[in-house]
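Listed below, chain by chain, are the residues.
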Amino acid sequence: MIGSYDYCGHYEFTFQWLESLGGVELVREYWLEAISIDAQRHAREIIIPEGLAGMKKYWSHSLEEEAAGYAFTSDEKRFRIDMHVCPSKGFLMNNGLEQYSDYCDHCLGWIGPMMKDAGFVVDHEHDHCGMCWWEFRKNDDLTAPSAVGEFAGDKDVRLQPAWNSATLDVFHRVVDDRNKCKQPSQVATGSSPVT
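Residues numbered from 1 in each chain as written. Predicted model: local features only at pLDDT ≥ 70, side-chain atom pairs only at ≥ 80, totals over all residues. Heavy atoms only, no water.

Draft legend 1. Structural view of the overall build of the chain. Across its full length, the chain carries four helices and five strands. Going from N to C terminus, the chain has its helices and strands arranged as α-α-β-β-α-α-β-β-β. The C-alpha atoms of the chain give 16 Å as radius of gyration, which agrees with the globular expectation for 195 residues (16 Å, within 12%). Taking the principal axes of the C-alpha coordinates as reference, the chain spans close to 40 × 35 × 30 Å. Across the 195 residues in the chain, those meeting the buried criterion constitute 47%. Long-range pairs, those at least 24 residues apart, make up 59% of the contacts in the chain between residues at least 6 apart in sequence. Counting only carbon and sulfur atoms, one obtains 52% of the accessible surface of the chain, whose full area is about 9,600 Å². Here the chain holds 18 positive side-chain charges and 31 negative ones, and the gap between their average locations is 5 Å. (Helix = DSSP H or I, 4+ residues; strand = E, 2+ residues; numbered from the N terminus. Rg over C-alpha atoms; globule rule 2.2 N^0.38 Å. Buried < 20%, exposed > 50% of the residue type's maximum accessible area, 1.4 Å probe, protein only. Contact = heavy atoms within 4.5 Å. Areas by Shrake-Rupley, 256 points an atom, 1.4 Å probe, with all protein chains shown as cover. Lys, Arg positive; Asp, Glu negative; His and termini not counted. Charge placed at Lys NZ, Arg CZ, Asp CG, Glu CD.)

Draft legend 2. Spatial organisation of the nonpolar core. Ranked by internal contacts, the top residues of the largest apolar core, which has 37 residues, are Ile47, Met55, Trp59, Met115 and Phe136. Sequence-distant contacts of Met115, defined by excluding residues within four places in its chain, comprise Ile47, Met55, Trp59, Phe120, Val122 and Phe136. Ranked by size, the runner-up nonpolar core spans six residues in total, among them Trp133, Val157, Trp163 and Val170. (Core = buried A, V, L, I, M, F, W, Y, C linked by side-chain atoms within 4.5 Å.)

Draft legend 3. Spatial organisation of the layout of surface pockets. What the largest pocket holds in volume is close to 900 Å³. Tyr11, Gln40, Glu66, Ser88 and His106 are, among the 36 residues lining the largest pocket, the residues nearest its centre. Looking at the lining of the largest pocket, the elements with two or more residues in it are helix 1 (4-39), helix 2 (41-65), strand 2 (78-85), helix 3 (87-94), helix 4 (105-118), strand 3 (120-126) and strand 4 (132-138). When residues of the lining of the largest pocket are assigned to their parent elements, the largest contribution, nine residues, is made by helix 1. Within the lining of the largest pocket, the residues separate by chemical class into 23 nonpolar, 10 polar and three charged. (1 Å grid on protein atoms, 1.4 Å probe; cavity = no way out; pocket = protein on both sides within 12 Å on 5 of 7 lines; lining within 4 Å. Points joined across faces, edges and corners; volume = space filled by probe spheres on them. Nonpolar A, V, L, I, M, F, W, Y, C, P; charged D, E, K, R; others polar.)

Draft legend 4. Representation of the sheet that holds strand 5 (residues 169-174). Strand order in the open sheet formed by five strands is 1-2-4-3-5, and the pairing between neighbours is antiparallel. Edge positions in the sheet fall to strand 1 (69-74) and strand 5, since each of these pairs with one other strand and no more. Within the sheet, the average angular offset between the axes of one strand and its neighbour, ignoring direction, is 10 degrees. Pairing of strand 3 with strand 5, which is carried by four bridges, proceeds in the antiparallel orientation. Paired with Glu125 across the two strands is Val170, which belongs to strand 5. (Pairing = 2+ DSSP bridges. Axes fitted to C-alpha atoms, helices over the stretch in contact; angles between N-to-C directions.)

Set out below in structure tokens:
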């Protein structure tokens, strides 16, 4: 049996191998079919019917199991995750196992389609160094993502000194990894809902 940390290296290698066989579209197909629909079936079974409450239920359990450094913030309209220490990206960096061009994209690659099926959109940024944040809201809610510290307070990962030391990938009102901006100032606000 493969250990959970060793799994991260094999997971990341698989993304690179698939891309070499069929390009990024084959990787996206894998994220959708093998991860979002199959491996994360249990997440879909909680989040799609239960919405925001299901998100809290699912991620409270899974991130605790992964020993992630994270914080949640929620209200009646949105759910937010601030990931201060991603255990899988940290494992890859600490062991020199960075083969795929953007390992962090796989999270949005499986979470985005699930959120679309649940009727939600995603605001997300990741720094390629094990820190990221997510805000989920209904797809007809045109509210812009929260400003730094506005919603999550001192739990906001964007307040960390290391946050601005890396190139950020920014996603606004998305359900997959295709609409990536490289700098937060490029994020458009007031976009129409994703359907």
